[in-house]
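Observations on the model geometry
The primary structure of each chain is shown beneath.
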Amino acid sequence: MEKDARIYVAGHRGMVGSALIRKMKAEGYSNFIFRNSGDLDLRSQQAVRDFFSLEKPDYVFLAAAKVGGIHANNVYRAEFLYDNLMIESNVIHTAYEHKVKKLLFLGSSCIYPKMAPQPLKEDYLLTGPLEDTNEPYAIAKIAGIKLCDAYRAQYGCNFISVMPTNLFGPNDNYDLHGSHVLPALLRKIITAKNQNADSVEIWGSGKPLREFLHVDDLANACYYLMETYNEPGLVNIGTGTDISIMDLAKMISKIVGFEGEIKNDPSKPDGTPRKLMDVSKLAAVGWKAQIPLEQGIQMVYDEVKDSDWK
Ligand code: GFB
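Calculation criteria
Residues numbered from 1 in each chain as written. Predicted model: local features only at pLDDT ≥ 70, side-chain atom pairs only at ≥ 80, totals over all residues. Heavy atoms only, no water. Domains from an automatic or database assignment. Contact = heavy atoms within 4.5 Å. Buried area = accessible area lost by both parts, 1.4 Å probe. Salt bridge = Lys/Arg side-chain N within 4 Å of Asp/Glu carboxyl O. Nonpolar A, V, L, I, M, F, W, Y, C, P; charged D, E, K, R; others polar. Near = heavy atom within 4 Å. Polar contact = N/O pair within 3.5 Å; in protein donor to acceptor, adjacent residues only side chain to side chain. Areas by Shrake-Rupley, 256 points an atom, 1.4 Å probe, with all protein chains shown as cover. Helix = DSSP H or I, 4+ residues; strand = E, 2+ residues; numbered from the N terminus. Buried < 20%, exposed > 50% of the residue type's maximum accessible area, 1.4 Å probe, protein only. Pairing = 2+ DSSP bridges. Right-handed = clockwise from strand over helix to strand, strands pointing away. Core = buried A, V, L, I, M, F, W, Y, C linked by side-chain atoms within 4.5 Å.

What follows deals with the domain arrangement of the chain. Each domain of the chain was delimited in the assignment, giving domain 1 (7–169 + 212–239 + 276–291) and domain 2 (181–207 + 243–275 + 298–304). A separation of 28 Å is found between the C-alpha centroids of domain 1 and domain 2. Listed by partner, the interface residues are 20 residues for domain 1 and 15 residues for domain 2. Taking both sides of the interface into account, the surface hidden between domain 1 and domain 2 amounts to around 1400 Å²; carbon and sulfur atoms contribute 72%. Its largest share of buried area at the contact with domain 2, domain 1 owes to Ile70, Phe212 and Leu276, together 35% of the area lost on that side. Joining domain 1 to domain 2, the criterion identifies zero salt bridges. For the side of domain 1 that touches domain 2, the per-class residue count stands at nine nonpolar, nine polar and two charged.

For the ligand, the set of nearby residues contains 23 residues, the closest of which are Ile70, Lys188, Arg210, Pro269 and Asp270. Here an oxygen atom of the ligand sits 2.8 Å away from a polar atom, N or O, in the main chain of Ile70. Between the ligand and Arg210, the relevant distance is 2.7 Å, taken from an oxygen atom to a side-chain nitrogen or oxygen of the residue. Calculation on the ligand without its partners gives an accessible area of 700 Å², and the protein chains cover 97% of this total. When contributions to the shell around the ligand are tallied by element, the ones reaching two or more residues are α3 (70–75), α6 (181–194) and β7 (199–203). With four residues, α6 is the single largest residue contributor to the shell around the ligand. Residue composition of the shell around the ligand, by class: 11 nonpolar, eight polar and four charged. Split by domain, the residues of the shell around the ligand number at least three in each of domain 1 (7–169 + 212–239 + 276–291) and domain 2 (181–207 + 243–275 + 298–304).

In strand β1 (residues 7–10), alternate side chains face the same way, and those of Ile7 and Val9 on one face and Tyr8 and Ala10 on the other are all buried. Pairing between β1 and strand β2 (residues 32–33): two bridges, direction parallel. Opposite Tyr8, over in β2, you have Ile33 as the bridge partner. What joins β1 to β2 is helix α1 (residues 15–26), and the crossover it makes is right-handed. Looking at chain direction, β1 and strand β3 (residues 59–62) are connected through four bridges and run parallel.

The three strands are arranged β11-β8-β13 in an open sheet whose pairing can be described as mixed. Here the strands that pair on one side only, and so sit at the sheet edges, are β11 (243–244) and β13 (274–275).

Moving on to the nonpolar core. Judged by nonpolar contacts, the single largest core of 41 residues is most densely connected at Leu42 and Leu103. Only β1, α2 (45–55), β3, α4 (77–97), β4 (102–106), α5 (135–155) and β5 (159–164) provide two or more residues apiece to this core. Looking at which element gives the most residues to this core, the answer is α5, with seven residues. In this view, Leu42 contacts Tyr8, Ala10, Val48, Ala64, Met86, Ile87, Asn90 and Val91; residues no more than four positions away in its chain are not counted.

This is the structure we're talking about:
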């Protein structure tokens, strides 16, 4: 990307979008186009068309999405499907109409079949049934990959798709009903420590395995791929290592200094038993994660430890 290129990061106030902006500012970019969701509803085809006509972005990072943890995905099934399909269809189609030079679409590791072999290779897409708790979100994200590939095949658009593993970092969502596990456990364990509680409760059995990537690493990878990668299909972005939810709770307890018991709530769903990315494709093009999990959690803990949580 040229240093004076007009860059639109859809979803710039979210955890991923804000990390992308931080990264590109550090790389010397400044010609960003900003729109808050209150000013531009990406679900509206006309609004997206008017926006592209006015602002004419050269490059687009599609980080806007309806997102959430296992509970939100499972409950708001209509919005997770509808909002994400509309956002992707409008932004990708309009990027084609306006001859955007390159677009990067952000998906998710939940696109892979629930019982796919581990680690998850890009080739496992559409080889089996999806995990039910996040099927609507996964279907929408699979549609996004296929849109990028279809516009590339039919019209020669340089649209690429990346699939991040579970993310954490600055600007995460700490609402206990909507959030992912890592921010939820940070909040619960910090609160338990502050209240001298004897125990803290984690959802499910604690046995599922998840892989966690600091969002600054994700932003570095996205920037790297935007500069170097021009292929159809998808690229996994992760660390290549995973941890059980129980061990994650123990790691966070150690960082926070909480010594109470960690209890399970079996009434809550476990979701996919394991989601570990195969990152050999990413390694082959020259990128590797830099922030170890414990260090990343410590960085986030330092940012949120004084939050006014009850
Ligand atoms: O991060 P998470 O909500 O989503 O949950 P997924 C991961 C695991 O942590 C599940 C357990 O087994 C949860 O039951 N868990 C334990 C908790 N305690 C908690 C808690 O307090 N809050 C939460 N949220 N979980 C999402 C998908 O799946 O991952 C999305 O629903 C997306 O579509 C995202 O792909 C990255 O990893 O199961």
